[in-house]
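Remarks on the overall topology
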Amino acid sequence: MSVMEISHRSKDFEPILESAENGIRELLNVPENYRILFLQGGASLQFSMIPINFLKTSADYVITGAWGEKAVKEAKKCGNVNVIFSTKETNYKSVPEQDELNFSQNPDYIHYCSNETIDGVEFKYDLDGKGIPVICDASSNILSKEIDLEKYALIYAGAQKNIGPSGVTLVIIRDDLLEKVPANQFSMLDYRAIAKNDSMLNTPNTWGIYLISLVCEWLKNKGGVKAMQKINEEKAKILYDAIDSSDGFYSGHAEKEARSLMNVTFRLPNEDLEKQFVTEATANGFDGIKGHRSVGGIRASIYNAFPQEGCEALIEFMRDFTNKNG
């Protein structure tokens, strides 16, 4: 039978779940005092699930893009939220330096998104909460580079960028935070109950978890996260170099210090040229190149599975387009 058919309670599924968990633990060097959970509901459910479990007095939020905004909107339904830093007024082109963050007095946690896909900005450091629990939405850059997991109390990520197929959400949570889950919590929103049942409080996405185990093997064969980070840096560099050397025909959205390795966002001289660029790019086999509808422009997403050859082909197309329309 296919993995889609076998029971999640069967002895056949046990090693699949174990392989996926061990793969994540090895690739990210997850310490023993953290639990690895496979949930459903996407990263968006975590926007609500986190404050439902941990927002008791107040929480600090750092906003550097649309996903941070969405997280704040949900958290405010649960309690007091302090937006301690936002780059909205400057059109989400940057991320703060660590010393620019002034935390509130004794917040329950600090939340931020490490890579904003829409605007293409990424934190180049692991945020230090200075003793305050740090919670991070790492949906779009997890497994793309090395991280210091011990800086975090909880990291969550929708699987569909770098981990596996849509329909699975990875949560890595520290034991001491698990103990803060309130008593009589709704069962399906209770991290502690989910951990106690090894991610099988109800039927998990067995097929998705199986594919995660395969992705982990693929990453290990590539040399692990450290090797993947080098590959991603090289892919992003050649794209950004092409943008910067275009004499202004292409202009990057994000400030250079905050440029994402996963989502390369840029503009052309006007919207008509951008529409033409997208149309011709699609005709030449470049799919999904159009920027998010909320910001426009161009967005080249180059997640782990995207090959460097694809970046080189896009650069060649960009140069040809410039020669014809510049």
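So, here is what we can say about the structure in this document. (Residues numbered from 1 in each chain as written. Predicted model: local features only at pLDDT ≥ 70, side-chain atom pairs only at ≥ 80, totals over all residues. Heavy atoms only, no water.)

1. Describing helix 8 (residues 271–283)
Over its 13 residues, helix 8 extends 18 Å from the first C-alpha to the last, a length consistent with the 18 Å expected when each residue adds 1.5 Å. Close packing links the buried residues of helix 8 with strand 11 (263–267), strand 12 (298–301) and helix 9 (308–325). Two to three positions downstream of the cap, the backbone nitrogen of Asp272 sits 3.1 Å from a side-chain oxygen, assigning the N-cap of helix 8 to Asn270. Looking one or two residues beyond helix 8, the residue adopting positive phi is Gly285, at roughly 95°. (Helix = DSSP H or I, 4+ residues; strand = E, 2+ residues; numbered from the N terminus. Expected span 1.5 Å × (residues − 1). Contact = heavy atoms within 4.5 Å. Polar contact = N/O pair within 3.5 Å; in protein donor to acceptor, adjacent residues only side chain to side chain.)

2. Observations regarding helix 3 (residues 66–75)
Buried residues of helix 3: Ala66, Gly68, Ala71, Val72 and Ala75, and no others. The inward-facing, buried residues of helix 3 contact helix 2 (42–54), strand 2 (58–63), strand 3 (80–86), strand 4 (110–113) and strand 5 (115–116). (Buried < 20%, exposed > 50% of the residue type's maximum accessible area, 1.4 Å probe, protein only.)

3. Notes on the sheet that holds strand 12
Pairing is antiparallel in the open sheet, where 3 strands are placed in the order 10-11-12. The outermost strands of the open sheet, each flanked by one partner alone, are strand 10 (251–252) and strand 12. Taken together, the 4 bridges between strand 11 and strand 12 define a ladder with antiparallel strand orientation. Residue Phe266 lies in a different strand from strand 12, and its bridge partner there is Ile298. Contacting strand 10, strand 11 and strand 12, helix 7 (residues 224–244) crosses the sheet at an angle of about 10° to strand 11. (Pairing = 2+ DSSP bridges. Axes fitted to C-alpha atoms, helices over the stretch in contact; angles between N-to-C directions.)

4. Observations regarding the pattern of salt bridges
In total, this model carries 14 salt bridges according to the counting rule given. Its salt-bridge partner being Glu74, residue Lys77 comes within 3.3 Å of it at the nearest N-O pair. Using a relative accessible area of 60% as the deciding quantity, one classes Lys77 as exposed. Among the salt bridges present, the one from Lys237 reaches Asp241, with a minimum N-O distance of 2.7 Å. One end of the pair is Lys237 and the other is Asp241, both in helix 7 and 4 residues apart, which spans about a single turn. Each of Glu26, Glu217 and Lys220 takes part in salt bridges that share partners, so that together they form one network. (Salt bridge = Lys/Arg side-chain N within 4 Å of Asp/Glu carboxyl O.)

5. Observations regarding the side chain of Ser114
With respect to the helices, strands and loops of the structure, Ser114 is situated in the loop between strand 4 and strand 5. Residue Ser114 is classed as buried on the basis of its relative accessible area of 8%. Once you skip the residues sitting within four places of it in the chain, Ser114 turns out to touch Val121, Glu122, Phe123, Cys136, Asp137, Ala138 and Asn141.

6. Quick notes on the nonpolar core
Of all hydrophobic cores here, the largest spans 48 residues; its most connected members are Ile24, Phe38, Ile142, Leu143, Ile163, Ile172 and Ile212. The greatest single-element share of this core, amounting to 5 residues, is contributed by helix 1 (residues 14–27). When neighbours within four sequence positions are excluded, Ile142 is seen to be in contact with Leu28, Ile155, Ala157, Asn162, Ile163 and Leu170. Judged by nonpolar contacts, the second largest core, of 30 residues, contains Leu55, Ala59, Tyr92 and Leu177. (Core = buried A, V, L, I, M, F, W, Y, C linked by side-chain atoms within 4.5 Å.)

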